[in-house]
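# Results of the structural survey
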Amino acid sequence: MRVWKFGDNIDTDAIIPGRFLTINNPDELAKHAFEGTRDEFAKKVKDDDVVVGGKNFGCGSSREHAPLALLGGGVHVVLAQSFARIFFRNAINVGVLPVVCHDTDKIADGAKITLDLKKGYAEVDGNKLAIEPVPPFMQGIIDAGGLVEYARNLKEVPPCTKSRR
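Residues numbered from 1 in each chain as written. Predicted model: local features only at pLDDT ≥ 70, side-chain atom pairs only at ≥ 80, totals over all residues. Heavy atoms only, no water.

### Quick word on the sheet that holds strand β3 (residues 77-80)
Rules: By this definition, two strands are paired if DSSP reports at least two bridges between them. Numbering goes from the N terminus for both helices and strands, where a helix is a DSSP run of H or I of at least four residues and a strand is a run of E of at least two. Only the contacting stretch of a helix is used when fitting its axis, a line to C-alpha atoms as for every element, and angles between N-to-C directions run 0 to 180 degrees.
Taken in spatial order, the four strands line up as β1-β2-β3-β4 in an open sheet, and their pairing is parallel. In this open sheet, the two strands that pair with only one neighbour each are β1 (3-5) and β4 (97-100). In this sheet, adjacent strand axes meet at a mean angle of 25 degrees when their direction is disregarded. Here β3 pairs with β4 via four bridges, running parallel. Within β4, the position partnered with V78 by the bridge is P98.

Here it is in structure tokens:
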């Protein structure tokens, strides 16, 4: 997996510019990911590449289009020191895993990276960097392919009829 390194305060408009918000297809959105910010990204990103950011990744407008654009490009994990709350939730909802790593400043652009979510580290150039644990319920949503697919697999809970008697 290759690292695409970004800095602090990468906003959703940098990930997918607002003029493309009429598109809802992840593959089409991916063609415009980081357009105007890092134009080579859309042409060179490969399946399972990892986006690495600094603090407050995904700040700005609330739009699911940003993680959808990453997903369309094959990015399934974003590693950052911290995430904007709404991007974090939107990423999970569409099936992109946001992972907190406080040492992303030690990761270089283009580096090879492997993640061991169970053991809690990212390995980059032979160095193991601690990552925050991914809660099982969140991993379940990611494994299902996002919140909609996760919900489709939930078993219905029978309603309590005693309270209606």
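### Side note on the sheet that holds strand β5 (residues 113-116)
Reading across from one edge, β5-β6-β7 is the order of the three strands in this open sheet, with antiparallel pairing throughout. On the outer flanks of this sheet lie β5 and β7 (127-130), each paired with one strand and no other. This sheet shows a mean twist of 25 degrees between the axes of neighbouring strands, independent of strand direction. Inspection of the sheet shows β5 paired to strand β6 (residues 121-124) by four bridges, in the antiparallel sense. Residue pairing in the sheet places I113 in a bridge with V124 of β6.

### Some remarks on the environment of A30
Where we set the bar: Two residues form a contact once any of their heavy atoms are found within 4.5 Å.
The topology assignment puts A30 in helix α2 (residues 26-30). Once the C-alpha coordinates of A30 and E156 are considered, the two residues, 126 residues apart in sequence, prove to be 35 Å apart. Those residues within four positions of A30 in sequence are excluded, and the remaining contacts are A42, A69, G72 and G73.

### Remarks on the packing of helix α5 (residues 85-94) against helix α6 (residues 136-144)
Stated formally: Angle categories are assigned with fixed cut-offs, so that under 35 degrees is roughly parallel, over 145 is roughly antiparallel, 65 to 115 is roughly perpendicular, and the rest are oblique. Here the term charged refers only to Asp, Glu, Lys and Arg, the term nonpolar to Ala, Val, Leu, Ile, Met, Phe, Trp, Tyr, Cys and Pro, and the term polar to all other amino acids, Gly among them.
Taken N-terminus to C-terminus, the directions of α5 and α6 make an angle of 50 degrees; their axes are 7 Å apart at the nearest point. Considered as vectors, α5 and α6 are oriented oblique to each other. Along the contact surface, α5 presents F88, R89 and I92, while α6 presents M138, I141 and I142. Here the residues of the contact of α5 with α6 are counted per class, giving five nonpolar, no polar and one charged.

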